[in-house]
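Summary of structural features
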Amino acid sequence: MAAAPRILIVEDETKLREAVAEYLGREGFATLTAPDGDTGLRMAREQAPDLILLDLMLPRLGGTEVIKRLRPGSTIPIIVITARADEVDRVVGLELGADDYVTKPFSLRELTARIRAVLRRAGGAGGKAGPDRLERGPLAIDFDARTVAVDGRPIDLTPTEFAILGVLARHPGKVFSRLQLLEAAFGYAYEGYERSVDTHVRNLRKKIEADPSEPRFIGTVFGVGYKFTGGTGDVR
Ligand code: CA
């Protein structure tokens, strides 16, 4: 049996840090905690946890600086905790390479689901045979390397965009409601978050479509949700 995954929690709010550690402990994780960025960075290097939960607003060393110093030498998955939703895409997606995020306030149940999903994606489950790639017309997705290319041109996607595109592309023609899409992409879904799917799809289209107003890959099914229309030619 594999040992319990070790989660490093870097958070300066004592009550929140302790609540998260206690909850994760009950969920079967081993936890390490650090109250500031400096300590968090040191523990990340010395203890090699399986995943880091990292608050962005930290004393001594901010969360973004912790990630910058940790990457690219380390591939430990990082989930960012932030109170600033506007910071999320910059931090998680392009610049720094965190794996996912939660915005305060968050539920511990939601956080735990995210942790499990990120650990699963990071390969903790193992046992996979062969490379996991998908080509749909001009779109190529490599699920192992987590890269996407259109007509051979690499596309930078956020982890959320990648997950949504991956689900759709694996099931061309199948119509997903927003909730189904969230559930398939992240292993959970909750109401009130569905509309964020529209934002992610809009951003995805800007990145992968030649003309986002005439999408080739992701079609809107009015009143229902979305479906993948690319590469098969007959489902749009
Ligand atoms: Ca903080």
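Everything that follows concerns the structure shown earlier in this document.
This report concerns the structure included in the present document. Just so you know, these numbers come straight off a predicted model, no measurement behind them. (Residues numbered from 1 in each chain as written. Predicted model: local features only at pLDDT ≥ 70, side-chain atom pairs only at ≥ 80, totals over all residues. Heavy atoms only, no water.)

Spatially, the four strands line up as an open sheet ordered β6-β7-β8-β9, and their pairing is antiparallel. Each edge of the sheet is formed by a strand with only one pairing partner; in this case those strands are β6 (133–136) and β9 (153–155). Direction aside, the axes of adjacent strands within the sheet are offset by 20 degrees on average. Together, β6, β7 (139–142) and β8 (147–150) form the strand contacts of helix α6 (residues 159–170), whose direction differs from that of β7 by roughly 115 degrees. (Pairing = 2+ DSSP bridges. Helix = DSSP H or I, 4+ residues; strand = E, 2+ residues; numbered from the N terminus. Axes fitted to C-alpha atoms, helices over the stretch in contact; angles between N-to-C directions. Contact = heavy atoms within 4.5 Å.)

This part takes up the coordination of the calcium ion. Protein-derived coordination of the calcium ion comes from Asp 12 (OD), Asp 55 (OD) and Met 57 (O), at a distance range of 2.1 to 2.3 Å. Sequence spacing of the donor residues for the calcium ion, all on one chain, is D-x42-D-x1-M. Of this pair, Asp 12 sits in the loop between β1 (6–10) and α1 (14–26) while Met 57 sits in the loop between β3 (51–55) and α3 (63–70), placing them 45 residues apart in sequence. When its relative accessible area of 52% is taken as the criterion, Met 57 is described as exposed. (Donors = N, O, S within 2.8 Å, 3.2 Å for Na, K, Ca; no water. Buried < 20%, exposed > 50% of the residue type's maximum accessible area, 1.4 Å probe, protein only.)

In terms of nonpolar packing, the biggest core is built from 28 residues, with Leu 139, Ile 141, Val 148, Leu 165, Leu 168, Leu 181 and Ile 218 touching the most fellow members. With seven residues, the top contributor of residues to this core is α6. Apart from residues lying up to four places away in sequence, Leu 168 is in contact with Phe 176, Leu 181, Ile 218, Tyr 226, Lys 227 and Phe 228. Core analysis: the second largest hydrophobic core is formed by 20 residues, Leu 8, Met 43, Ala 44 and Ala 98 among them. (Core = buried A, V, L, I, M, F, W, Y, C linked by side-chain atoms within 4.5 Å.)

It is at 11 Å that the axes of α1 and helix α5 (residues 108–121) come closest, and there the two elements cross at 60 degrees. Between α1 and α5, the angle falls in the class oblique. Two packed elements cross with a definite hand, and for α1 against α5 that hand is right-handed. The segment α1 lies against α5, with Ala 19, Val 20, Tyr 23 and Leu 24 engaging Leu 108, Arg 109, Leu 111, Thr 112 and Ile 115. Its residues placed into classes, the contact of α1 with α5 shows seven nonpolar, one polar and one charged. (Parallel < 35°, antiparallel > 145°, perpendicular 65-115°, else oblique. Left-handed = near helix turned anticlockwise from the far one by under 90°. Nonpolar A, V, L, I, M, F, W, Y, C, P; charged D, E, K, R; others polar.)

Each aromatic ring pair is characterised by the separation of its centres together with the angle its planes make. The tally for this structure, following the rule as stated, stands at two aromatic pairs. Note on Phe 143 and Phe 162: the rings are 5.8 Å apart at their centroids and 75 degrees apart in plane angle, and the pair reads as edge-to-face. Highlighted residues: Phe 143 in the loop between β7 and β8 and Phe 162 in helix α6, separated in sequence by 19 residues. What makes Phe 143 buried here is its relative accessible area of 14%. With relative accessibility at 6%, the residue Phe 162 sits in the buried group. (Phe/Tyr/Trp six-rings, centres within 6.5 Å; stacked < 30°, edge-to-face > 60°.)

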